Amino acid sequence: MIIRIDKYMADMGIGTRSQVKEYIKAGRVSICAADDQNASVIRDSAFKFDTDKYSIVFDGVKRGYAEKEYFILNKPAGYVSSTRDSSPTVIDLIKDKMRKDLFPVGRLDKDTEGFMLISNDGDLAHRMLSPGKHVSKKYFAKVDGRLRNEHILRFANGILDDCLLPAKLQIISARDDESSCYITIAEGKYHQIKRMMNEIGLNVTYLKRLSMGGMTLPEGLSTGEYIRTDLATIEKALEGEKEHNIRGAAPMIDDSVKGVIFDVDGTLLDSMGLWRSIDEEFLGSRGFTVPDDLKSNIEGMNYYETACYFKKAFSLPESIDEIMKIWNDMALYKYTHEVELKEGARELIYALKEKGIKLGIGTSNARALAIPCLKSHNIDGLFDSIMTGDDVTSGKPSPDIYLKCAEQMGVPPDECLVFEDYLNGVSAGLAAGMKTCAVHDDNSLFQDEEKQIMADYYIKSFMEVII
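Residues numbered from 1 in each chain as written. Predicted model: local features only at pLDDT ≥ 70, side-chain atom pairs only at ≥ 80, totals over all residues. Heavy atoms only, no water.

Colleague: What is the right way to look at the overall build of the protein in this model?
Modeller: Counting secondary structure elements, the protein contains 15 helices and 21 strands. The C-alpha radius of gyration computed for the protein amounts to 25 Å, which stays within 12% of the reference 23 Å derived for 467 residues, consistent with globular compactness. Across its three principal directions, the C-alpha atoms of the protein cover 70 × 70 × 45 Å. Across the 467 residues of the protein, 52% fall into the buried class. The long-range fraction of contacts in the protein, counting pairs at least 24 apart against all pairs at least 6 apart in sequence, stands at 68%. A total of about 21200 Å² of accessible surface is found on the protein, and carbon and sulfur atoms cover 48% of it. (Helix = DSSP H or I, 4+ residues; strand = E, 2+ residues; numbered from the N terminus. Rg over C-alpha atoms; globule rule 2.2 N^0.38 Å. Buried < 20%, exposed > 50% of the residue type's maximum accessible area, 1.4 Å probe, protein only. Contact = heavy atoms within 4.5 Å. Areas by Shrake-Rupley, 256 points an atom, 1.4 Å probe, with all protein chains shown as cover.)

Colleague: Whenever I open this one, unusual backbone geometry confuses me. Can you help?
Modeller: Where the residue is not glycine, phi is negative for most of them; where a peptide bond is considered, it is trans in most cases. Cis geometry is found at the peptide bond from Lys396 to Pro397, where omega equals 20°. Relative to the elements of secondary structure, Pro397 occurs in the loop between β18 (385–387) and α13 (400–409). Positive phi, close to 50°, is recorded for Ser315, a residue that is not glycine. Positionally, Ser315 belongs in the loop between α9 (303–313) and α10 (320–337). In this structure, Asn378 takes a positive phi of about 60° despite not being glycine. Summarising the element assignment, Asn378 is placed in the loop between α12 (367–376) and β18. A relative accessible area of 44% means that Asn378 is categorised as partly exposed.

Colleague: Help me understand the layout of surface pockets, please; the structure alone is not making it clear to me.
Modeller: Empty space among the atoms can be located by rolling a probe the size of a water molecule over them. Computed from the structure, the second largest pocket encloses a volume of approximately 1100 Å³. At the level of secondary structure, the elements contributing two or more residues to the lining of the second largest pocket comprise α1 (5–11), β8 (103–105), α10, α11 (345–354) and α12. A breakdown of the residues in the lining of the second largest pocket according to their chemical character gives 10 nonpolar, 14 polar and 15 charged. (1 Å grid on protein atoms, 1.4 Å probe; cavity = no way out; pocket = protein on both sides within 12 Å on 5 of 7 lines; lining within 4 Å. Points joined across faces, edges and corners; volume = space filled by probe spheres on them. Nonpolar A, V, L, I, M, F, W, Y, C, P; charged D, E, K, R; others polar.)

Colleague: I keep staring at the pairing of strand β2 (residues 29–33) and nothing clicks. Help me out?
Modeller: For a regular strand, side-chain orientation follows a simple rule: the groups alternate between the two sheet faces. With respect to burial, β2 is a largely interior element, 5 of its 5 residues being buried. Of the pairings in the sheet, the one linking β2 to strand β5 (residues 54–58) comprises 5 bridges and is antiparallel in character. When the bridges of β5 are listed, Ser30 appears paired with Val57. Examined bridge by bridge, β2 and strand β3 (residues 40–41) share 2 bridges and lie antiparallel to one another. Across the sheet, the residue bridging to Ser30 is Val41, located in β3. (Pairing = 2+ DSSP bridges.)

Colleague: Please explain the pattern of salt bridges as it appears in this structure.
Modeller: Proximity of charged atoms lets side chains of opposite charge pair with each other. Under the counting rule described, the total for this entry stands at 23 salt bridges. Linking Asp448 and Lys451 is a salt bridge whose minimum nitrogen-to-oxygen distance equals 3.5 Å. Here Asp448 and its partner Lys451 are both found in helix α15 (residues 448–454), 3 residues apart, which amounts to about one turn of the helix. The exposure classification of Asp448 matches that of Lys451, with both residues buried. Each of the salt bridges in this network shares a partner with another, and the network as a whole consists of Arg4, Asp6, Arg17 and Lys21. (Salt bridge = Lys/Arg side-chain N within 4 Å of Asp/Glu carboxyl O.)

Colleague: Got a minute to help me understand the packing of α10 against α12 in this structure?
Modeller: When two helices pack together, their arrangement is given by the angle between their axes and by how far apart the axes lie. The geometry of α10 relative to α12 is characterised by a closest axis approach of 9 Å and an angle of 15° between their N-to-C directions. Accordingly, the angle class assigned to the pair α10 and α12 is roughly parallel. Once α10 is placed against α12, the crossing between them reads as right-handed. Here Asn328, Ala331, Leu332, Tyr335 and Thr336 of α10 come into contact with α12, specifically with Ala368, Leu369, Pro372, Cys373 and Ser376. (Axes fitted to C-alpha atoms, helices over the stretch in contact; angles between N-to-C directions. Parallel < 35°, antiparallel > 145°, perpendicular 65-115°, else oblique. Left-handed = near helix turned anticlockwise from the far one by under 90°.)

Colleague: I tried to follow helix α14 (residues 423–431) on my own but got confused; where do I start?
Modeller: Note: α-helices contain 3.6 residues per turn, so residues at a spacing of three or four share the same orientation. Considered for burial, the residues of α14 that qualify are Leu423, Asn424, Gly425, Val426, Ala428 and Gly429. On its buried face, α14 is in contact with α13, β19 (416–420), β20 (435–439) and α15. Following α14 by one or two positions, Gly433 adopts a phi angle in the positive range, close to 80°.

Colleague: Teacher, can you tell me more about the environment of Cys373 here?
Modeller: Positionally, Cys373 belongs in helix α12. In this structure, the C-alpha to C-alpha distance between Cys373 and Tyr333, residues 40 residues apart in sequence, is 9.4 Å. Setting aside anything within four residues of it in sequence, one finds Cys373 in contact with Leu269, Tyr335 and Thr336.

Colleague: I tried to follow α13 on my own but got confused; where do I start?
Modeller: Where α13 is concerned, the buried positions are Ile401, Tyr402, Cys405, Ala406 and Met409. The buried residues of α13 occupy one face: seen down the axis, they fall within an arc of 130°. Along its buried surface, α13 packs onto β16 (259–262), β17 (358–362), β18, β19 and α14. Positioned one or two residues after α13, Gly410 has a phi angle of 75°, which is positive. (Arc of directions from axis to C-beta.)

Right under this line is the structure:
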């Protein structure tokens, strides 16, 4: 493929675009043909070349290029299925990765072991994670009690009310103190296996995923070890997957829904704690503590309205623009390095896109923060409309932002569904004449009862959404 040299280096994690431009300017970067050891210094960061014919040399070391990478990992317990976390992540285990944008295709709980696919291939992730694909996953489990034959039938019938598909239970051993089994599911709902076992009065004491989408853990691959694989091998395994029959359930998103709009903070992103830390740092550096009623006072305000509130409430000397600039600088790093998507958000977005439903963003946050954050998770290009607090004069509970988003998507408001974590956002969706789904977030627990009463639906995880 033909690529700019600065993008090549940034993709391979050698540095940011601005950093690699400085490396190139300083003469630290050369290019050489695959069969030639003589390298030519490149000083133009816009220089383009064919990655199939040439490689770059940085500080005397040849650096190869990979557009896509694929790894099968035998995940150990104690590692988080994430790209960024204070705890060790599964990405930390991939020592010879070339790409900086790898992510786990699907999740395993921190204490769960076994098969995990690591890649930067968004299209493959879509195929593997989309609920409509029904990709099977097989687990080995130990539980603290006796499994019985009647449990096999209960699993086959779909043991949870919100489980759309049946699961296959194969009992290996059964004793009063401990049993072991294989479980095959075609969904990936939050803590699904643990919840299913809890429904029959048993607790999972050990869980290991053995396979996913026809791919199994290679023999001899020890816990914590990984191997490289390729797309052709993965696709061959996926071809062997059989469609599972859906028993049927009342869908939240049926044929009447033509557009889905997501709030961002606390809804798509697990980010509300970020703003609390920014408030503490910002106000603390000016001699203030965060008031108990700050969250409720600014709920639903757009970025400019919030800055105006801070300036007046705390008699700040900075201008409104200066306050927003300080916040932007503080938040931009946290958004792009620390914040994760909510459980099941990526899978739901892929499924909606595949179904042909228009997708929108309606966030009170600033565009300068919202866009980089969506880009950092490789989902910015999936939305037909992105409306931010910069695009409206009145924040939530005013319906303006959702109405503008629906208009840009070309979908009537009464054919839209809104996902929101805060009461003002739920009110905004209802005021816009849209169906609303309240989303659980730890930072808005005090509103849960009201949200469940007001909204058309309520979920604790996007994995619960039935399409």
